[in-house]
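Fold and contact review
Listed below, chain by chain, are the residues.
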Amino acid sequence: MLHLLIVDDEIHAVRGIKAGVAWEEMGFAQVHEAYNIRQAKEMFGAHRIDVLICDIEMPEGNGFELLTWVKEHSPETESLFLTCHAEFEYAQKAIQLGSLDYMLKPVRFPELETAVRKAIAKREKERDLIRFKETYNHYYRLWESYQPLFIERFWRELIQRSVPSRKEHILEIAAKQNIPYNGDMTFLPVLVSVQRWHKSLTLREEKIMEYALRNSLEELPVIQQYKGQIVQVKNGALLAVLTAGCEAGMDKSKLGAGFQEYIDACDHYFFCDLCCYIGSPSSIEEIPDRFDALTAMEARNVTQSNKAFFLSDQKPAYDTIPLPQMNGWAEMLKCGCTQALAAEIDSYLHAMKRMERLDAKLLRGFYEDFLQMIHHVLHSEGRGRTRSSPRRCGPFKLPPPPAPSGISGSG
């Protein structure tokens, strides 16, 4: 409900205005009276005044002084002057101070009612505008809070190739989602992958640790500097997409040191081994291929932990490396020399590791050849023909197939 304040040093004028208009029908809950500026200020302190009707000449100051004070302390109040001064200078000053109308005494009540309704309409319009701004600001803050989720979903769909791969289509999708990317920007993908936890974790504990890893990565200075967006790609793996600018503007040594610092902190505080695979600055449509290359780097790494790798430093695959001749190993197996055979295998794998040639592909080929050698020994000894044949070879146990991280950093 609305509140009206009438300020005039003539008590009969105040009571006449109060009695001459049906204020309740206009929506006013209360009509307040004041006979000088001091009383008017007290009314403003006690009530929220929506419309002010004010005389100019009064004791303890004039109406212009009151209106100046009202604009400072109650700017939402709409003001009308009702006076016997017809001077142009007075009317001009009233307009300059923001008075909605300037009326002369004696005023006709219909004219006064029209002026007050005009003030009410303006007041409601301003309130609607304030409510609109508040609603807009509310939803804008909501959009700001959810924008990182939209950006993360955008990158996830891009690397999963759920969106068209052409640049113009990618940028069109980004524009529709209000994601601030353009065709001139380049990005640096970094894959962060947990290799193993130092202790056994429940599913809930693992989720908590992954949440901590993500928060720590978001706070990493190099991520902050390049406005990195973090994307959860799978359990135990995060993709950081940095806004790279131009390649010349990225300090490779600083990047490596920054991510190595993160790796060391995770090893110390979160009890895990992980590696960071750092790509190269790429245009937005190249990111899916860069992500595939980083994933391939991760799959090939079976020997090194707690280290940052650069895609640009990647060595070519060793497709021509010959696997060891296992004829001698077969004879050792037939003779039951399992300890000597284990030593030979260990020596070969460590030699490949020192030469940085031991990757998942070579390890898989080694496993398949070794399995074939064991099958040949069993067949030649008659174990492949009957289950009742006596055991003639030493007690050698076939190992399970190696996972990509099956060989630790310590061998």
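Everything in this summary refers to the structure shown in the same document. These figures come from a predicted structure and were not determined experimentally. Residue numbers restart at each chain and count upward from 1, following the sequence in its written direction. This being a predicted model, a pLDDT of at least 70 is required before a residue's local features are given, and a value of 80 or more before pairs of side-chain atoms are given or counted; all residues contribute to the totals for chains, interfaces and linings. The basis for every side-chain value is the complete set of non-hydrogen atoms in the structure, without hydrogens or water.

For the protein, the count of helices and strands is 13 helices and 13 strands. Residue exposure (1.4 Å probe, protein chains only): buried if accessible area is under 20% of the type maximum, exposed if over 50%, otherwise partly exposed. Every one of the 411 residues in the protein was classed for burial, and the buried ones make up 41%. What makes two residues a contact is simply this: any of their non-hydrogen atoms within 4.5 Å. Relative to all contacts within the protein whose residues are 6 or more apart in sequence, the contacts with residues 24 or more apart total 71%. Residue-level accessible areas treat just the shown protein chains as cover; the underlying method is Shrake-Rupley with a 1.4 Å probe. Total accessible area on the protein is roughly 23100 Å²; 53% of this is exposed by carbon and sulfur atoms. Where helices and strands are cited, they refer to DSSP runs of H or I of at least four residues and of E of at least two residues respectively, numbered from the N terminus.

Counting residues in hydrophobic clusters, the biggest one holds 31 residues, and the most contacted among them are Leu217, Phe259 and Leu274. Elements that contribute at least two residues to this core include exactly strand 8 (186–197), helix 7 (203–218), helix 8 (221–225), strand 10 (237–243), helix 9 (252–269), strand 11 (272–278) and strand 13 (308–310). Core analysis: the next-biggest nonpolar cluster, separate from the first, contains 26 residues, Phe154, Ala174, Tyr277 and Leu294 among them. Buried Ala, Val, Leu, Ile, Met, Phe, Trp, Tyr and Cys residues that are joined via side-chain atoms within 4.5 Å together make up what is termed a nonpolar core.

Glancing now at the pattern of salt bridges. Counted as salt bridges are all cases of a side-chain nitrogen of Lys or Arg within 4 Å of a carboxyl oxygen of Asp or Glu. For the structure shown, the criterion picks out 22 salt bridges. Of the charged contacts, one joins Glu113 and Arg117 as a salt bridge, the two residues approaching to 3.1 Å between their closest N and O atoms. Of this pair, Glu113 and Arg117 are both found in helix 5 (residues 109–159), four residues apart, which corresponds to roughly one turn of the helix. Given the relative accessible area of 27%, Glu113 is considered partly exposed. Given a relative accessible area of 41%, Arg117 falls into the partly exposed group. Beyond isolated ion pairs, a larger network of salt bridges with shared partners links Arg48, Asp50, Arg123, Glu124 and Arg127.

When we look at a pair of aromatic rings, we describe it by the centre distance and by the angle of the planes. Only the six-membered ring of Trp is used, alongside the rings of Phe and Tyr, when aromatic pairs are assigned; centres must lie within 6.5 Å, and planes under 30 degrees apart are stacked while those over 60 apart are edge-to-face, with the rest tilted. Counted by the stated rule, this structure contains twelve aromatic pairs. With a centroid separation of 5.4 Å and an interplanar angle of 50°, the aromatic rings of Trp155 and Tyr181 are classed as tilted. With a gap of 26 residues between them, Trp155 in helix 5 and Tyr181 in the loop between helix 6 (167–176) and strand 8 connect regions that are remote in the sequence. Look at Tyr181 and Phe187: their rings are 5.0 Å apart centre to centre, the planes differ by 70°, and that puts the pair in the edge-to-face class. Accessibility expressed as a relative area gives 1% for Phe187, which makes it buried. Put simply, the rings of Phe64, Phe81, Tyr90 and Tyr102 touch in pairs and so form one group of aromatic residues. Positioned over the ring face of Phe271 is Lys199, at 5.1 Å from the centre of the ring. Each ring is checked for a lysine NZ or an arginine CZ that lies within 6 Å of its centre and within 35 degrees of its normal; such an atom marks a charge sitting over the ring. A cation sits over an aromatic face here: Lys252 above Phe310, 4.9 Å from the ring centre.

Looking now at the environment of Tyr348. Structurally, Tyr348 is set in helix 12 (residues 338–354). Distance from Tyr348 to Pro324, taken between C-alpha atoms, is 8.0 Å for residues 24 residues apart in sequence.

Tracing the chain through its elements places Asn36 in the loop between strand 2 (28–34) and helix 2 (37–46). Of the residues examined, Asn36 reaches a relative accessible area of 9% and is grouped as buried. Throughout this description, a polar contact denotes any pair of N or O atoms lying within 3.5 Å of each other; where both atoms belong to protein, one of them has to be capable of donating a hydrogen while the other can accept it, and for residues adjacent in sequence the pair is counted only when both atoms sit in side chains. Separated by 2.8 Å, the side chain of Asn36 and the backbone nitrogen of Gln39 make a polar contact. Excluding residues within four positions of it along the chain, Asn36 makes contact with Val7, Pro59 and Glu60.

This next bit is on unusual backbone geometry. Looking along the chain, the bond that leaves Lys105 and enters Pro106 is cis, with omega of -10°. Looking at the element boundaries, Pro106 is found in the loop between strand 7 (101–104) and helix 5. Its identity is not glycine, yet Arg161 carries a phi of approximately 60°, on the positive side. Inspection of the secondary structure puts Arg161 in the loop between helix 5 and helix 6. Given a relative accessible area of 42%, Arg161 falls into the partly exposed group. Backbone geometry places Asn306, a non-glycine residue, at a positive phi of 55°. Following the sequence through the fold, Asn306 ends up in the loop between helix 10 (287–300) and strand 13.

With that settled, consider the pairing of strand 1 (residues 2–7). Most of strand 1 is tucked away, with six of its six residues classed as buried. The crossover handedness rule: strands pointing away from the viewer, path from first strand over the helix to second strand clockwise, crossover right-handed. Viewed along the sheet, the connection from strand 1 through helix 1 (residues 11–20) into strand 2 turns out right-handed. Strands qualify as paired when DSSP identifies two bridges or more between them. Pairing of strand 1 with strand 3 (residues 51–54) involves four bridges; the strand directions are parallel. Across the sheet, the residue bridging to Leu4 is Val51, located in strand 3.

What follows deals with helix 1. Within helix 1, the full set of buried residues consists of Ala13, Val14 and Ile17. Taken end-on, helix 1 shows its buried residues confined to a sector of 100°, consistent with a single buried face. Seen from the open side of helix 1, the exposed residues pointing more than 90 degrees away from its buried face are His12 and Ala19. The arc in question is formed by the directions pointing from the helix axis toward the C-beta atoms.

The disulfide criterion used throughout: a pair of cysteine sulfur atoms within 2.5 Å. Taken as a whole and assessed by the stated rule, the structure comprises zero disulfides. Free cysteine Cys275: the closest other cysteine sulfur is in Cys276, separated by 7.5 Å. Note on Cys275: relative accessible area 0%, which makes it buried. Here Cys337 stays free of any disulfide, with the sulfur of Cys335 as its closest cysteine sulfur at 5.2 Å.

The next point concerns the sheet that holds strand 1. Pairing between the strands of a sheet is mediated by backbone hydrogen bonds and can be parallel or antiparallel. Strand order in the open sheet formed by five strands is 2-1-3-6-7, and the pairing between neighbours is parallel. The open sheet terminates on both sides in strands that have one partner only, identified here as strand 2 and strand 7. Each strand axis lies, on average, 20° off the axis of its neighbour in the sheet, ignoring direction. Bridge analysis of strand 6 (residues 78–83) against strand 7 gives four bridges, and the strand direction is parallel. Across the sheet, residue Leu82 finds its bridge partner in strand 7, namely Met103. Only the stretch in contact is used when a helix axis is fitted, and all axes are lines through C-alpha atoms; the angle between N-to-C directions ranges over 0 to 180 degrees.

Functional significance is not addressed by these values, which are geometric in nature.
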